[in-house]
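Residue-level structural notes
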Amino acid sequence: MFDSRPGEPGVFDFDEIADQLLEQGERASPAELHGCLAGLLGSLGRVSDDAALAGLNTALGLDLHGELAERVQQLYSVTAESVEDDAFDFHPLLPDDEEEIDQRTEAMAAWCRGFLAGYAQGKVSGGDTGSAVAADSAEALKDFAAIAQAAVDDDQDEEDAEQDYAEIVEYLRFAALNVVMDSLARRDESAGGDAPETLH
């Protein structure tokens, strides 16, 4: 999902986006940005790239502009397509596996914080703060809040830490998809359409 596009090298390269954030004086992680975009999708459904950028800036207190803003909009567009794809080709944007487990765990926690911020912002901007959240989504959001506090246990075996990390990332992938599908189902039901199935 995050491979380079022809003529657009490293569009979704974690380290490159991190460098651009620093250049703009922003301390957010690329993982937090992507989590926020996914959270916006989870509460609002698909919106325009401009609206997604505005929602992200508001949710995370950022002021992204220039080339980085364009890349974030491209990331949103590809992410939106991936959650709507029957192949479920959605993956959280996290550092490469070559990075230390501490850094990857920190980024995973940041992704969850971003998702929660984006989800809340989408609810507010969509005027949907009073409606009930589907049970599956509520459970996922509670789990995301717990994972947002994650840190590596120094006493844990490295192999066990790697396995735990991989399992949690896979859980995030499907939990986020379920939140988005729950949101789409509610919209379809209100519009009288067929609701998509929830993933398990």
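This section reports on the structure supplied with the text. (Residues numbered from 1 in each chain as written. Predicted model: local features only at pLDDT ≥ 70, side-chain atom pairs only at ≥ 80, totals over all residues. Heavy atoms only, no water.)

**A few points about the overall build of the protein**
Put simply, the test is: To qualify as a helix, a DSSP run of H or I must reach at least 4 residues; to qualify as a strand, a run of E must reach at least 2; elements of each kind are numbered from the N terminus. Using a 1.4 Å probe on the protein chains alone, a residue whose accessible area is under 20% of its type maximum counts as buried, one over 50% counts as exposed, and one in between counts as partly exposed. Contact criterion: two residues are considered in contact whenever any of their non-hydrogen atoms come within 4.5 Å of each other.
When helices and strands are counted, the protein shows seven helices and zero strands. Ordered by position from N to C terminus, the α and β elements of the protein give α-α-α-α-α-α-α. Here the protein, with 200 residues, has 46% of them falling under the buried criterion. When contacts within the protein are restricted to residue pairs at least 6 apart in sequence, those whose partners lie at least 24 apart make up 72%.

**So, the packing of helix 2 (residues 30–44) against helix 4 (residues 66–84)**
Worth spelling out the cut-off: An axis is simply a line fitted to the C-alpha atoms; with a helix, the fit covers only the stretch in contact. Between two such axes, the angle follows the N-to-C directions and lies from 0 to 180 degrees. Any angle that falls under 35 degrees is termed roughly parallel, while one over 145 is termed roughly antiparallel, one within 65 to 115 roughly perpendicular, and all others oblique. By definition, any crossing whose near helix is turned counterclockwise from its far helix by less than a right angle is left-handed, and any crossing with a clockwise turn is right-handed. Any residue that is not Ala, Val, Leu, Ile, Met, Phe, Trp, Tyr, Cys, Pro, Asp, Glu, Lys or Arg is counted as polar, Gly included; the first ten are nonpolar and the last four charged.
Contact pair helix 2 / helix 4: the axes reach a minimum separation of 10 Å and the direction vectors enclose 50°. With respect to their mutual orientation, helix 2 and helix 4 come out oblique. As for the relative orientation of helix 2 and helix 4, their crossing is right-handed in sense. The residues of helix 4 that touch helix 2, namely those facing Leu 33, His 34, Leu 37 and Leu 41, are Val 72, Leu 75, Tyr 76, Thr 79, Ala 80 and Val 83. Its residues placed into classes, the contact of helix 2 with helix 4 shows eight nonpolar, two polar and no charged.

**A look at the packing of aromatic side chains**
Spelled out, the test is: Each Phe, Tyr or Trp ring, with Trp reduced to its six-membered ring, pairs with another whose centre is within 6.5 Å; inter-plane angles below 30 degrees give stacked pairs, above 60 give edge-to-face pairs, and intermediate values give tilted ones. Only when the NZ of Lys or the CZ of Arg is both within 6 Å of the ring centre and within 35 degrees of the ring normal is a charge said to sit over the ring.
Taken as a whole, this structure holds five aromatic pairs when the rule is applied. Taking 6.3 Å as the distance between ring centres and 55° as the angle between the ring planes, the aromatic pair formed by Phe 90 and Trp 111 counts as tilted. You can see Phe 90 sitting in the loop between helix 4 and helix 5 (101–125) and its partner Trp 111 sitting in helix 5, a full 21 residues away along the chain. Aromatic side chains Phe 115 and Tyr 119 sit 6.5 Å apart centroid to centroid with 15° between the ring planes, which places their arrangement in the stacked category. Of this pair, Phe 115 and Tyr 119 are both found in helix 5, four residues apart, which corresponds to roughly one turn of the helix. Neither residue differs from the other here; Phe 115 and Tyr 119 are each classed as buried. Within the aromatic cluster, the residues linked to one another by ring pairs are Phe 90, Trp 111, Phe 115, Tyr 119 and Phe 144. Against the face of Tyr 165 rests Arg 104, its NZ or CZ located 5.1 Å from the ring centre.

**Overview of the nonpolar core**
Counted only if it meets this: Buried Ala, Val, Leu, Ile, Met, Phe, Trp, Tyr and Cys residues form a nonpolar core when they are joined through side-chain atoms within 4.5 Å.
Counting 51 residues, the largest nonpolar core has Leu 33, Leu 56, Leu 64, Trp 111 and Phe 115 as its most contacted members. Sorting the residues of this core by element identifies helix 1 (14–23), helix 2, helix 3 (49–60), helix 4, helix 5, helix 6 (135–147) and helix 7 (158–191) as the ones contributing at least two each. Counting residues per element, this core draws most heavily on helix 7, at nine residues.

**Focus: the packing of helix 5 against helix 6**
Two elements in contact, helix 5 and helix 6, have axes whose closest approach is 8 Å; the angle formed by their N-to-C orientations is 135°. With respect to helix 6, the axis of helix 5 lies oblique. Taken as a pair, helix 5 and helix 6 cross one another with a handedness that is left-handed. Between helix 5 and helix 6, the residues in contact are Met 108, Ala 109, Trp 111, Cys 112, Phe 115, Leu 116 and Tyr 119 and Leu 141, Phe 144, Ala 145 and Ile 147, respectively. Partitioning the contact of helix 5 with helix 6 into residue classes produces eleven nonpolar, no polar and no charged.

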